[in-house]
Amino acid sequence: MTDTTSVLLERLHAAGLTDVVAVEPAAGGLAAIAGLARRGDGTPVFVKAFGEPPSDDAFAAEAEGLTVLRETGGVATPEIILADRDLLVLSALRPRPGTGAFWEQLAHALAHLHTTTRHPRFGWHRDNWLGRRRQVNTWDDDGYEFFAQHRLLRWLGERRVREALDVADRAALERLCDRLPELLPVRPACLTHGDLWALNVMATPDGRPALIDPAVSYMWAEVDLAHLWTTAPPPEAHVFFELYAELTGLDRDWRERMPILQLRQHLAVIAQFDPDWGAADLVRATLAPFRRRP
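Residues numbered from 1 in each chain as written. Predicted model: local features only at pLDDT ≥ 70, side-chain atom pairs only at ≥ 80, totals over all residues. Heavy atoms only, no water.

Within an unreviewed UniProt entry, the label attached to the protein reads Aminoglycoside phosphotransferase, and the organism entered is Microbispora triticiradicis. Under Sequence similarities (unreviewed entry), UniProt gives the following word-for-word description of the protein: "Belongs to the fructosamine kinase family." (UniProt positions renumbered as here; feature names shortened; annotations may be inferred.)

Dropping the structure here:
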């Protein structure tokens with residue numbers, strides 16, 4: 001038994017799930033350890049834990065996000081079996097199928113989420129977590145100000161970001177933030193998943209698209225779109241972007257906005273992981289037009 005599986009099994013038993021008889025480690029997670037556990041009756045459950053929880057409410061906030069995506073947004077998410085300080089236990093999902101039809105279903109699901117949950121303000125009623133870093137969700141009437149302060153500039157205080165970006169880079173980010181109203185169209189706030197990279201798309205037992213690992217807030221829909229667009233979706237996903245654009249009435253320039261909207265995720269990766277898988281280079285490339293020439 002590996003260290004990961006022994007930790008998860010110990011925590012499951014301590015939480016009262018004493019009928020769990022085995023745990024297999026799960027691949028794909030970056031901020032936490034995870035596994036697929038088998039209960040005594042054969043039922044599989046997904047279990048997730050932090051070595052050291054970043055906060056007492058990290059899993060409670062994640063469970064809340066899964067619930068609101070399902071109950072308010074109509075998107076399939078796993079059932080919550082247990083969420084406490086040390087452990088999150090969910091019903092097991094399936095890997096997503098590699099078909100265009102699946103991605104068409106996802107386009108309809110995400111378009112429904114984004115078009116039926118509009119909100120007059122940007123933010124959320126509580127802070128939640130993006131990996132091991134707090135996502136600040138203080139309410140704001142202005143989407144540009146919210147995005148600048150709580151999704152971009154907030155990362156400049158992180159040690160790894162300070163080391164990766166020089167003074168000119170940071171100044172360029174501030175200039176970009178000042179110009180957001182010129183660079184991005186006015187869009188309403190809606191319920192967003194908040195961490196929608198390709199690996200957070202799975203399937204229900206009957207094959208429907210399901211989402212995991214949210215960092216929800218009321219934000220621009222294109223923040224979710226940008227994360228999928230820039231995290232190497234498989235070739236069959238091209239039908240998703242075409243259909244989503246049609247269903248939501250996106251203008252033809254939406255692809256050009258993706259690098260700016262994805263800055264937030266690149267900065268979060270730099271702040272938390274070493275290596276950063278090229279995130280700093282992508283940030284610098286996006287900021288290049290905003291650097292002042294000598």
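Visitor: Hey, could you run me through the sheet that holds strand S5 (residues 88-91) in this one?
Guide: In any sheet, the strands associate via hydrogen bonds between backbone groups, in a parallel or an antiparallel arrangement. The strand order across the open sheet formed by 5 strands is S1-S2-S3-S5-S4, and the pairing between neighbours is antiparallel. The sheet is open, and its two edges are formed by strand S1 (20-25) and strand S4 (80-83), each paired on a single side. Adjacent strand axes in the sheet meet at a mean angle of 25 degrees, parallel and antiparallel pairs treated alike. One ladder, built from 4 bridges, connects strand S3 (residues 44-49) with S5; its direction is antiparallel. Bridge pairing in S5 links Lys-48 to Leu-88. Strand contacts of helix H1 (residues 3-14): S1, strand S2 (33-39), S3 and S5, with the helix running at about 145 degrees to S1, the strand carrying the most contacts. Across the face of the sheet, helix H2 (residues 58-71) comes into contact with S3, S4 and S5 while running at roughly 160 degrees to S4. (Pairing = 2+ DSSP bridges. Helix = DSSP H or I, 4+ residues; strand = E, 2+ residues; numbered from the N terminus. Axes fitted to C-alpha atoms, helices over the stretch in contact; angles between N-to-C directions. Contact = heavy atoms within 4.5 Å.)

Visitor: Hey, could you run me through unusual backbone geometry in this one?
Guide: Cis geometry marks the peptide bond from Asp-274 to Pro-275; its omega dihedral reads 10 degrees. Looking at where Pro-275 falls in the secondary structure, it is placed in the loop between helix H11 (263-272) and helix H12 (279-287). If you check the backbone angles, Asp-213 has positive phi at about 50 degrees while not being a glycine. Relative to the assigned elements, Asp-213 resides in the loop between strand S10 (209-211) and strand S11 (217-219). We classify Asp-213 as partly exposed; its relative accessible area is 24%. Phi is positive for Trp-277, close to 55 degrees, though the residue is something other than glycine. When you line up the elements, Trp-277 lands in the loop between H11 and H12. Using a relative accessible area of 55% as the deciding quantity, one classes Trp-277 as exposed. (Buried < 20%, exposed > 50% of the residue type's maximum accessible area, 1.4 Å probe, protein only.)

Visitor: Can you walk me through the pattern of salt bridges in this structure?
Guide: Side-chain pairs of opposite charge can arise where the charged atoms are in close proximity. One pass over the full model with this rule turns up 22 salt bridges. We note a salt bridge from Asp-251 to Arg-187, for which the minimum N-O separation is 3.0 Å. With a gap of 64 residues between them, Asp-251 in the loop between helix H9 (238-248) and helix H10 (254-261) and Arg-187 in the loop between helix H7 (180-183) and strand S8 (190-192) connect regions that are remote in the sequence. One network of salt bridges, in which partners are shared, links Arg-187, Glu-222, Asp-251 and Arg-257. (Salt bridge = Lys/Arg side-chain N within 4 Å of Asp/Glu carboxyl O.)

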